[in-house]
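Residue-level structure breakdown
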Amino acid sequence: MLAFTFPGQGSQRPGMGRPWVDHESWELVDEASDVAGRDVGALLLDADADELRDTRNAQLTTFVSSLMVLDAVERLGIEASFCAGHSLGEYTALAATGALGFDEGVVLVAERAAAMHDAGSERVGTMAAVLGLDDDQVEVACNLADADVWVANFNAPGQVVIAGSPDGVEAAGKHAKDLGAKRVMPLQVSGAFHTAFMAPARDRLRDALAAADIRDAEIPVVSNVDAKPHDRGNEWSALLSAQLASPVRWKHSLQTLSSLGVTDFAELGPGGVLTGMAKRSVDGARTISVATPDDLDKLVEWMGGTADAGAASLEGEHLFAVERLVVSPAAGIFTPAAVASGDLIDVGTVIGQVGEHEVRSPFRGVLQSFIAVDTERVTSRQPIAWLRTD
C-alpha cells in the first residue's frame, strides 16, 4: 500500500515554485493568492531565504507547494491508501483527503502561521536537533536541564528535536552530549514550536478550527498527536489544537502506517527530509520524494507504470500515464451530464455541474466511470471521474 506524506515548515527554499510555473497545477497558486489576499506566486518565485524563513511565509508556501505537487500526481491517476503530514503537513494531508477544502485550508494555515509567529514574538524560544541518542535519553536530558525545554519532534530513530527557552535548550543539549548524543544542531526557527510556549497560538487557533468544516474522509490521516489513523471530521479540531503544544510523533506515525500494511512512502512537496526519516523508521520501506515536474516521471516508473510515448501533451502538462482524473473546480452539489461510461470525451467536454460551475475535462479519452455520484456534495479538487487516454 501507498502513503502520501507532506512536509512541514523548514522544507521551503528560494525559487521552489519556478519549475511549476508552466504546469497546469500552478493554478492552485493563483487560487491561494485570491483566498489569502497575498501574492503566493511571488513568494514561491522571488522570495529569498530570509523572507521565506518567516513563519507566516514558510507555512503558506509549503502548504500550497505540496498541494500543487499532489494535484499533478492526481492528474496521473495515482492515489494513496493513507496520508500523513509533519506538523504543518498535517493540514496538507487533510486537504489531500478532502476532509479540508482547499480554501478552508489556506485560511487555517494562514491563521495558524500568524498565531505561531505572534506567540514566538511574545516568548522567545528556539529549537535544536539531537542526533544519535535514544528518545528516552533525550527526555532525560530535558529533565536534567531543570528549565523550560521539552521534546518537540520524535522524527526518526536517533533524531529528536528539543525546544524551549534558549537557556533551556542549551542546557539540555549539553546534558544530551554527556549522555552520548553524537551531535546537537541548533535550528534556525522563530519559536519553540510544539511546546507550552505555543499555548497562546493554540488558544487563538481554536476559534478558527471551530469555524472550519472538517469532514469525514475515506482516506485516513495519521495524526501527529497520537500516531493513530483518523477518518472522522469531528475528531480533528481537538487534534489540530493539541498539535501546536504537543510533540510531533512522526517516527511513531510512520511505524503505525507500516503496521497498517503501508510499504511505499511518497513525499509530496518541497525538500525531501521525510523520505530519509521513512527509511530510518521503517525497515524495508520504499520511498520517493516528488518536488518538481521532472520527478513525476520518476514517480510513474517507481510505481511500475509506463509512459504513454504517443500522447500529445497539453500546454504545461506532463502526461506520463494513460489514466487521468477529472477534479471538481469548486465545492458544491454534483450533477452529472448526459455522458456515460465508454463515451469518448474531448478536451473541454462538460461532464457535469458542481453548483453553478461546469466540470470540463482537461483531457481527451474514454470515460471509464464517475467517481462522484449524482447529488453528492463534493469539495474543490475532489476527483469527479476518470478517463483512459488514447
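Please read these numbers as outputs of a predicted model, since none were measured by experiment.

1. Regarding the pairing of strand 10 (residues 286-290)
By the bridge criterion, five bridges tie strand 9 (residues 264-268) to strand 10 in an arrangement that is parallel. Bridged to A266 within strand 10 is I288. In the classification by handedness, the crossover that spans strand 9, the intervening helix 12 (residues 273-281) and the parallel strand 10 is right-handed.

2. Brief notes about the nonpolar core
One finds F4, F6, F63, V73, Y91 and L268 to be the most contacted residues of the largest nonpolar core, which totals 67 residues. Take this core: its biggest share by element is nine residues, from helix 4 (residues 55-74). Each of domain 1 (2-120 + 196-305) and domain 2 (124-187) gives at least three residues to this core. The contacts of F4, once residues within four sequence positions are left out, are L70, V73, I78, E79, A80, F82, C83, A84, A266 and L268. Counting residues in each nonpolar core, the second largest holds 17 residues, with A141, V149, V151 and V169 among its members.

3. Quick word on the domain arrangement of the protein chain
By the assigned domains, the protein chain splits into domain 1 (2-120 + 196-305), domain 2 (124-187) and domain 3 (322-389). Placing the centre of domain 1 and that of domain 2 at their C-alpha centroids yields a distance of 25 Å. Taken together, the 14 residues of domain 1 in the interface contact 16 residues of domain 2. When domain 1 packs against domain 2, the two sides together hide about 1,200 Å² of surface, and 55% of this comes from carbon and sulfur. A per-residue breakdown of the area domain 1 buries against domain 2 is headed by F197, K251 and R280, which together make up 46% of the total. Where domain 1 touches domain 2, the interface holds one salt bridge. The interface formed by domain 1 and domain 2 includes seven residue pairs in polar contact (both at pLDDT 80 or more).

4. Description of a nonpolar patch on the surface
Taken together, V140, L144 and L179 make up a surface patch of nonpolar side chains, about 210 Å² in accessible area. Mapped onto the fold, L179 is located in the loop between helix 8 (166-178) and strand 6 (183-187). Taking relative accessible area as the criterion, L179 reaches 31% and is therefore assigned partly exposed.

5. A few points about the pairing of strand 12 (residues 332-336)
Sheet topology places strand 12 next to strand 17 (residues 377-378); two bridges connect them, and they run antiparallel. Pairing of G332 across the sheet is with V378, part of strand 17. With three bridges joining them, strand 12 and strand 14 (residues 350-354) adopt antiparallel strand pairing. Following the sheet pairing, P336 is matched in strand 14 by G352.

6. As for the packing of helix 5 (residues 89-97) against helix 10 (residues 236-243)
As a packed pair, helix 5 and helix 10 sit with axes 11 Å apart at the nearest point and diverge in direction by 160°. Considering their axes alone, helix 5 and helix 10 lie roughly antiparallel with respect to each other. Of the residues in helix 10, those in contact with E90, Y91 and L94 of helix 5 are W236, L240 and Q243. Classifying every residue of the contact of helix 5 with helix 10 gives four nonpolar, one polar and one charged.

Rules and cut-offs
- Residues numbered from 1 in each chain as written.
- Predicted model: local features only at pLDDT ≥ 70, side-chain atom pairs only at ≥ 80, totals over all residues.
- Heavy atoms only, no water.
- Pairing = 2+ DSSP bridges.
- Helix = DSSP H or I, 4+ residues; strand = E, 2+ residues; numbered from the N terminus.
- Right-handed = clockwise from strand over helix to strand, strands pointing away.
- Core = buried A, V, L, I, M, F, W, Y, C linked by side-chain atoms within 4.5 Å.
- Buried < 20%, exposed > 50% of the residue type's maximum accessible area, 1.4 Å probe, protein only.
- Domains from an automatic or database assignment.
- Contact = heavy atoms within 4.5 Å.
- Buried area = accessible area lost by both parts, 1.4 Å probe.
- Salt bridge = Lys/Arg side-chain N within 4 Å of Asp/Glu carboxyl O.
- Polar contact = N/O pair within 3.5 Å; in protein donor to acceptor, adjacent residues only side chain to side chain.
- Patch = residues over 30% accessible without salt bridge, like charges linked within 9 Å, V, L, I, M, F, W, Y side chains within 5 Å.
- Areas by Shrake-Rupley, 256 points an atom, 1.4 Å probe, with all protein chains shown as cover.
- Axes fitted to C-alpha atoms, helices over the stretch in contact; angles between N-to-C directions.
- Parallel < 35°, antiparallel > 145°, perpendicular 65-115°, else oblique.
- Nonpolar A, V, L, I, M, F, W, Y, C, P; charged D, E, K, R; others polar.

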